[in-house]
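One letter stands for each residue in the lines below.
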Amino acid sequence: METRWLTKPGWSWNTAEGSSPEFVHQWIRPLEQTEGEPNVIIYGAPLSRSSISVSGASLYPDEFRKMWKGYAAYNLDEDIDLTSLTAADAGDVLMHTTDIPLSHSRIQETACSLAKGFPESVSCLIGGDHSVTACSVRGIKEAFPDERIGILQLDTHLDVRDPKELGPANGTPIRQLIDGGAVKGEDIVNIGLHGYFNARPLVEYAKKHKIRMVTMKNARRQGLIQTVQESLDDLAARTDRVYVTVDMDVLDISAAPGVPASTPGGMMPGELFDVLLEIGKCPHVLHIDFVCLDPTKDSNVSETVKAGVYAWLQFMTGCTMRKEGLNIHC
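Only a predicted model underlies this, so the values are computations on that prediction, with no experimental measurement involved.

Enquirer: Which parts of the structure should I look at to understand the packing of helix 9 (residues 224–238) against helix 10 (residues 269–281)?
Expert: Packed helices, taken two at a time, are described by the angle their axes make and the gap between the axes. Helix 10 packs onto helix 9 with a crossing angle of 30° between their chain directions and a minimal axis gap of 9 Å. By the criterion of interaxial angle, the relationship of helix 9 to helix 10 is roughly parallel. The two elements helix 9 and helix 10 meet at a crossing, and its hand is right-handed. Between helix 9, through Leu224, Ile225, Val228, Gln229 and Leu232, and helix 10, the contact on the second element is made entirely by Glu271, Asp274, Val275, Glu278 and Ile279.

Enquirer: Explain the environment of Gly91 to me, please; I cannot follow it from the model alone.
Expert: Mapped onto the secondary structure, Gly91 falls in strand 6 (residues 87–93). Judged by its relative accessible area of 0%, Gly91 is buried. Each C-alpha atom, one on Gly91 and one on Trp5, is 9.6 Å from the other, the two residues being 86 residues apart in sequence. Beyond its immediate stretch of four places on either side in the chain, Gly91 contacts Leu6, Thr7, Pro9, Ile42, Tyr43, Gly44 and Arg65.

Enquirer: Just checking my understanding: could you explain the environment of Ser48 for this structure?
Expert: The topology assignment puts Ser48 in the loop between strand 3 (40–45) and helix 2 (60–67). Residues Ser48 and Trp68, 20 residues apart in the sequence, show an inter-C-alpha distance of 22 Å. Each residue touching Ser48, except ones within four places of it in the same chain, is listed here: Ser55, Gly56, Ala57, Ser58 and Asp129.

Enquirer: Before we go on, may I ask you to explain the UniProt feature "binding site: Mn(2+)" (unreviewed entry) in the protein in this structure?
Expert: The positions UniProt marks with the feature "binding site: Mn(2+)" (unreviewed entry) are His130, Asp155, His157, Asp159, Asp247 and Asp249. In terms of the greatest pairwise C-alpha distance, the residues named above, spread along 120 residues, form a tight cluster of at most 11.9 Å across. As for the largest pocket, its lining draws on His157, Asp159, Asp247 and Asp249 from among the annotated residues. Structurally, the position occupied by Asp159 is in the loop between strand 8 (149–154) and helix 5 (163–166). Discounting residues that sit within four places of it in the chain, Asp159 has contacts with His130, Gln153, Asn170, Gly171, Thr172, Pro173, Ile174, Arg175 and Asp247. Within the local environment of Asp159, its side chain forms a polar contact with the side chain of His130, the two groups lying 2.7 Å apart. By the element assignment, Asp249 lies in the loop between strand 11 (241–247) and helix 10. Each residue touching Asp249, except ones within four places of it in the same chain, is listed here: Asp155, Thr156, His157, Val259, Ala261 and Thr263. At 3.0 Å, the side chain of Asp249 and the side chain of His157 are in polar contact.

Enquirer: Help me understand the nonpolar core, please; the structure alone is not making it clear to me.
Expert: Generally speaking, a soluble globular protein has its nonpolar side chains buried in company with each other. One finds Trp27, Ile191, Leu272, Ile279, Trp312, Phe315 and Met316 to be the most contacted residues of the largest nonpolar core, which totals 59 residues. The greatest single-element share of this core, amounting to ten residues, is contributed by helix 11 (residues 303–323). Not counting the four nearest positions on each side in its chain, Ile279 is found in contact with Leu152, Leu154, Val228, Leu232, Val244, Val285, Phe315 and Arg322. In this structure, Tyr43, Ala88, Val137 and Ile149 belong to the second largest nonpolar core, which totals 43 residues.

Enquirer: Got a minute to help me understand the layout of surface pockets in this structure?
Expert: Empty space among the atoms becomes apparent when a probe as large as a water molecule is rolled across them. Of the volumes computed, that of the largest pocket is approximately 300 Å³. Surrounding the largest pocket, 18 residues form its lining, Ile52, His157, Asp159, Arg161 and Ala261 being those nearest its centre. Partitioned by chemical class, the residues of the lining of the largest pocket number nine nonpolar, five polar and four charged.

Enquirer: Help me understand the pattern of salt bridges, please; the structure alone is not making it clear to me.
Expert: Proximity of charged atoms lets side chains of opposite charge pair with each other. The final tally for this structure, using the stated rule, is 16 salt bridges. Note that Arg175 and Asp179 form a salt bridge whose closest N and O atoms lie 3.2 Å from each other. Of the two residues, Arg175 and Asp179 are both situated in helix 6 (residues 173–179); the distance of four residues between them amounts to about one turn of the helix. In this structure Asp179 comes out as partly exposed when scored by relative accessible area, which is 47%. Put simply, Lys297 and Asp294 hold a salt bridge, and the shortest N to O gap is 3.0 Å. What makes Asp294 buried here is its relative accessible area of 0%. Taken together, the shared-partner salt bridges connect Arg148, Glu186, Asp187, Asp234 and Arg238 into one network.

What counts as what
- Residues numbered from 1 in each chain as written.
- Predicted model: local features only at pLDDT ≥ 70, side-chain atom pairs only at ≥ 80, totals over all residues.
- Heavy atoms only, no water.
- Axes fitted to C-alpha atoms, helices over the stretch in contact; angles between N-to-C directions.
- Helix = DSSP H or I, 4+ residues; strand = E, 2+ residues; numbered from the N terminus.
- Parallel < 35°, antiparallel > 145°, perpendicular 65-115°, else oblique.
- Left-handed = near helix turned anticlockwise from the far one by under 90°.
- Contact = heavy atoms within 4.5 Å.
- Buried < 20%, exposed > 50% of the residue type's maximum accessible area, 1.4 Å probe, protein only.
- UniProt positions renumbered as here; feature names shortened; annotations may be inferred.
- 1 Å grid on protein atoms, 1.4 Å probe; cavity = no way out; pocket = protein on both sides within 12 Å on 5 of 7 lines; lining within 4 Å.
- Polar contact = N/O pair within 3.5 Å; in protein donor to acceptor, adjacent residues only side chain to side chain.
- Core = buried A, V, L, I, M, F, W, Y, C linked by side-chain atoms within 4.5 Å.
- Points joined across faces, edges and corners; volume = space filled by probe spheres on them.
- Nonpolar A, V, L, I, M, F, W, Y, C, P; charged D, E, K, R; others polar.
- Salt bridge = Lys/Arg side-chain N within 4 Å of Asp/Glu carboxyl O.

Take a look at the structure:
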């Protein structure tokens, strides 16, 4: 497998000789040191120059890894030891300093290479702004051209703004994928929309292309877990693989100030954590990304970065339960 744009992770995974890994940074191993095909592959796309608003989301992959040292590789709530899962870090995609299209093409090439080289692995992309999602999905489509990809999007926004006006920015990835033919609108479910943050023309575009829009109000009324389970069931029935994109602006501004487009009325962290546990259990979910988290907008206690790592660990717990055949859904 060629990974010419991946840089090696720049931190230590060392544990005491003969000891079992207790913390996340001791459990994850570099991809190059992993034998066979891992259950999960993590890689970063540190890009935020393509963000509509000023963003330091390019810093998140590094902060994400630094925060690992504060988390045990054991989930007390579920009595799950994550170390039974083989998880490997492939490093970050090398971004060009000024050339955004070139950076996007490198992300796409890397996503394709990882999907082809490790077809049984679940891929976790750590962004970066939301523009990286379009690149990643196109790369996966390139790797599996005959497969139909479904998208579960957790987001305050539809992200269907016109790239003809904005370029391939973070407000355009879903439209890029639909207009480019990589994904059908009817194979996209967006959960988390609310309030006054999507202009009517964007909603009309979504309706025209049959995107399923589930507002926070309706998801809470039905129950977020049930809403997600039904959405995954629907996507699993109509597509070959499901890609989940988690825009961290789906969280309420009171709990997550460290996102460029934070809003009131979003999910609370506990809701997101419960949802991601269910998503991780689903065998049809083969790809996920976490995007639009800007560490520079966080407070000095780093609550948004901590919530982002916790959210990813909940997904990993679900993947572990999937692997062990525990409470699998969809």
